[in-house]
Structures are given as C-alpha cells and as structure tokens.
Amino acid sequence: MATSMLSPPNLLSLAAPSPSSSSSTLYFKPATHLSQPFSLKLVPSKRNRRPFAVAAEEAAVTTSVDPKSEGARRLYVGNIPRTVTNDELKNIVEEHGAVEKAEVMYDKYSGRSRRFAFVTMKTVEDANAVVEKLNGTEIGGREVKVNITEKPLSTVDTSFLQAEESNFVDSPHKVYVGNLAKTVTSDTLKTFFSEKGKVLSAKVSRVPGTSKSSGYGFVSFSSDEDVEAAILSFNNASLEGQKIRVNKA
C-alpha cells in the first residue's frame, strides 16, 4: 500500500497492482459534499509501460533547444496589434527580462505591421521567463502568442523565397489581397487576377524564413483602371475556397 504525500490525510489511498495487472486504481474518500465514493483507474499505454516521469524527461531532452544557440534566446511574439512599435514591444518585454533586440515585422510593400515580431533576450533564463509571463496575455486587446524559436531563421534555406522576392515587379498601380488560402501561390494569384486586367506581377507574402503563406499578397498592374477593375470584380470573390479581400495597396 502506497500513500501520496501530496494528499490530505484519509483522502487518498493507492492499491498497488498485482504482477499480472496493467493498471492502478485510486480510491477516494468522499468529501462532505459528495454522497458516494468514486474511483479513478489509471491505465498505462500498452505500447509504452515506462514510468511517465522517465518518458517525459526523455521527451524534454529530444525536443530541447541548444542553450548555446541564439534560437534558445529568440522569441516569436505573434498576434500583436499593428500599432505596436519596436520600442513599445521592447518596453513590454523588458518588464520580465533583459532584451537584446526587438523587431516588429513589416510588409515590404505596404509598410504595415505583419502582426508578429521577434525578440532576442540576453539569456535563456530571461527568454523562458517571458514565455511564462506573456504567452496568452493581452497586448492592446489582442491575445498574444509567445514561444522560443526552435532554430535561427538563418539556418533555413530561403533561396527560392529570395528569387520570388526579386522577380516581383512593383508598380504604383497595385492591390492588397487578404484572407488568402494557405494553398494559394504567387502563380495562382497572377493567373486569377489576369482575367480582369493586365497583371505585371503577383506575390504571396511569406512568414519570414519559411515557405508558409502569411495569408495575404500583392498584385501589380499597368494602370489604375486595371486596379479599379480588379477591386470591383474580385473583392469578396472566392479563391480556392476562401472569400478574398481586395483593396488598393
């Protein structure tokens, strides 16, 4: 018979399983507001009967970030308000640890905040503290997501992303296209808008350092008339299962 040091007296007893048993049963003595005793049976996975603490410790070892890398001190901060600046974000984060650098991500063409940022802390301990204190809290009325980046973005192969950026033909006659499905590519966007005007170029914006779509893009035209035609024809139109938003960039 084993007893739990964390349980109040006479509240919990644990019946040890027999050698042939694969489960343990916890018997609870009811509190004053409960009329009947109840039990909770803990059944380990058939595929893995190792103690939970051991399995958890091994998982932590295999998924942990190298403490010597910048990635271990670098935080992703997502869903921030568009109005938050580098300095404002740094001031917020510094309440929980020493900040080395804070950088809000802005779109290259529209100049608008992309609603996320990267913050590099001075120590791993500071980074962990910020995740614990800020993840799930609100900044400017928006619930933010904060986590440690698993590896520096410089380790990701971005050659094709750079090629896509360099091939984009910018123009003063341009539209912003929002609420794009994750499957929409730059070629898809160009083909779709070519139905109503002379498209110079199209580009789906990517999450920095990855090939993942940010959910919006830009299409450039040769004239303002083509821009107006595109907005009139395609705003709220469906593209690969999602209604898109189209307005002047």
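Worth saying up front: this structure is predicted, and the values here are computed from it rather than measured.

Enquirer: What am I meant to see in the packing of aromatic side chains here?
Expert: Note on aromatic pairs: each is described by the distance of the centres and the angle between the planes. Applying the stated criterion to the full structure yields 10 aromatic pairs. Each ring, one from F193 and one from F221, has its centre 6.4 Å from the other, and the planes form 65°; the classification is edge-to-face. Taken together, the residues F193 in helix 5 (residues 186-193) and F221 in strand 12 (residues 213-221) connect sequence positions 28 residues apart. For the residue pair F193 and F221, the accessibility class agrees, reading buried in each case. Looking at R74, its charged tip hangs above the ring of F118, at a distance of 4.3 Å from the centre. In this structure, R112 is placed above the aromatic ring of Y176, and the distance from its NZ or CZ to the ring centre is 4.6 Å.

Enquirer: What is the right way to look at the nonpolar core in this model?
Expert: Side chains of a nonpolar character, in soluble globular proteins, are inclined to be buried together. Judged by nonpolar contacts, the single largest core of 20 residues is most densely connected at V177, L189, F193, V219 and I244. Listed by contribution, the elements that provide at least two residues to this core are strand 10 (174-178), helix 5, strand 11 (199-206), strand 12 and helix 6 (224-234). Setting aside chain neighbours within four positions, we find V219 in contact with H173, K174, V175, V177, L189, F193, V199, S201 and A202. Counting residues in hydrophobic clusters, the runner-up holds 18 residues, among them I80, V93, M121 and L134.

Enquirer: In this structure, what is going on with helix 5? I would like to understand it.
Expert: The α-helix advances 3.6 residues per turn, and as a result positions three or four apart in sequence lie on the same side. Turning to helix 5, its buried residues number three or more, namely S186, L189, F192 and F193. Angularly, the buried residues of helix 5 cover 130° about the axis, an arc narrow enough to put them on a single face. Exposed side of helix 5, more than 90 degrees from the buried face: D187 and T191 are the residues found there.

Enquirer: What is the right way to look at the environment of V104 in this model?
Expert: Of note, V104 is situated in strand 5 (residues 99-106). Along the sequence, V104 and V119 sit 15 residues apart, while their C-alpha atoms lie 8.5 Å from each other. Those residues within four positions of V104 in sequence are excluded, and the remaining contacts are I80, V84, T85, N86, L89, S113, F116 and A117.

Enquirer: What exactly am I supposed to notice about helix 3 (residues 124-134) here?
Expert: Burial in helix 3 covers these residues: D126, A127, V130 and L134. The buried residues of helix 3 occupy an angular sector of 100° when projected down its axis, which confines them to one face. Helix 3 presents E125 and E132 as exposed residues on the side facing more than 90 degrees away from its buried surface. For helix 3, the secondary structure elements touched by its buried residues are strand 4 (74-78), helix 2 (86-93), strand 6 (113-121) and strand 9 (145-148). Backbone geometry just after helix 3 places G136 at a positive phi near 90°.

Enquirer: Whenever I open this one, the pairing of strand 4 confuses me. Can you help?
Expert: Most of strand 4 sits inside the fold, with 4 of its 5 residues counted as buried. Bridge count between strand 4 and strand 6: 5 bridges; the pairing is antiparallel. Bridge pairing in strand 6 links L75 to V119. Looking at chain direction, strand 4 and strand 9 are connected through 4 bridges and run antiparallel. Residue Y76 lies in a different strand from strand 9, and its bridge partner there is N147.

Criteria and thresholds
Residues numbered from 1 in each chain as written. Predicted model: local features only at pLDDT ≥ 70, side-chain atom pairs only at ≥ 80, totals over all residues. Heavy atoms only, no water. Phe/Tyr/Trp six-rings, centres within 6.5 Å; stacked < 30°, edge-to-face > 60°. Helix = DSSP H or I, 4+ residues; strand = E, 2+ residues; numbered from the N terminus. Buried < 20%, exposed > 50% of the residue type's maximum accessible area, 1.4 Å probe, protein only. Lys NZ or Arg CZ within 6 Å of the ring centre and 35° of its normal. Core = buried A, V, L, I, M, F, W, Y, C linked by side-chain atoms within 4.5 Å. Contact = heavy atoms within 4.5 Å. Arc of directions from axis to C-beta. Pairing = 2+ DSSP bridges.

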